[in-house]
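# Descriptive analysis of the structure
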Amino acid sequence: MALEITDANFEEQVLNSDKPVMVDFWAAWCGPCRMVGPIIDELSTEYEGKAVVGKLDVDANQEFAAKYGVRNIPTVLVFQNGEVVGRQVGVAPKNAYAEALDSLL
């Protein structure tokens, strides 16, 4: 299961991580988000110990969604050393997300 990322723990979990971080910006009412969610959960298991994979509910946590210009969901951002190094808007196949992490490992 993917890590729950919130405005309160974003800095600690994402910006200060020593590993690559993938964050799925999603909402419960978003149909395409329900397609991406299981992929993110699988990746969180597969990359355990190598990368941080989490989800941020944009309805409950708007600060960082706004800061990173997330206008459409699902949007998946990849961070390394506190900087955005990848962005996928909309639904993509699992290998697209995996390749984004693999390129940083």
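The structure reproduced in this document is the subject of the present report. (Residues numbered from 1 in each chain as written. Predicted model: local features only at pLDDT ≥ 70, side-chain atom pairs only at ≥ 80, totals over all residues. Heavy atoms only, no water.)

## Brief notes about the sheet that holds strand β1 (residues 3-4)
The condition is simple: Any two strands with at least two DSSP-identified bridges between them are counted as paired. Numbering of helices and strands runs from the N terminus; a helix is a DSSP stretch of H or I covering at least four residues, while a strand is a stretch of E covering at least two. For this analysis, residues touch if any pair of their heavy atoms sits within 4.5 Å. Angular values range over 0 to 180 degrees, each being the angle between N-to-C directions of two axes fitted as lines to C-alpha atoms, with helices fitted over their stretch in contact.
In spatial order, the strands read β1-β3-β2-β4-β5; together these five strands make up an open sheet with mixed pairing. One side of each edge strand has no neighbouring strand; the edge strands of this open sheet are β1 and β5 (83-89). As paired strands, strand β2 (residues 21-26) and strand β4 (residues 75-80) are joined by five bridges and run antiparallel to one another. In the strand pairing of β4, D24 is matched with V76. Contacts from helix α2 (residues 31-46) reach β2, β3 (52-57) and β4 within the one sheet, and its direction differs from that of β3 by about 150 degrees. Contacts from helix α4 (residues 94-102) reach β2, β3, β4 and β5, with the element oriented near 145 degrees to β2.

## Some words on the state of the cysteines
Our working definition: Here, two cysteine sulfur atoms that lie within 2.5 Å of each other are counted as a disulfide. With a 1.4 Å probe rolled over the protein chains alone, any residue whose accessible area is under 20% of its type maximum counts as buried; one over 50% counts as exposed, and the rest are partly exposed.
In the structure shown here, the tally under the stated rule is one disulfide. Each disulfide pairs two cysteine sulfurs, and for C30 the partner residue is C33, the sulfurs being separated by 2.3 Å. Torsion about the S-S bond of the C30 and C33 cystine: about 80 degrees, corresponding to right-handed handedness. A relative accessible area of 4% places C30 in the buried class. With relative accessibility at 3%, the residue C33 sits in the buried group.

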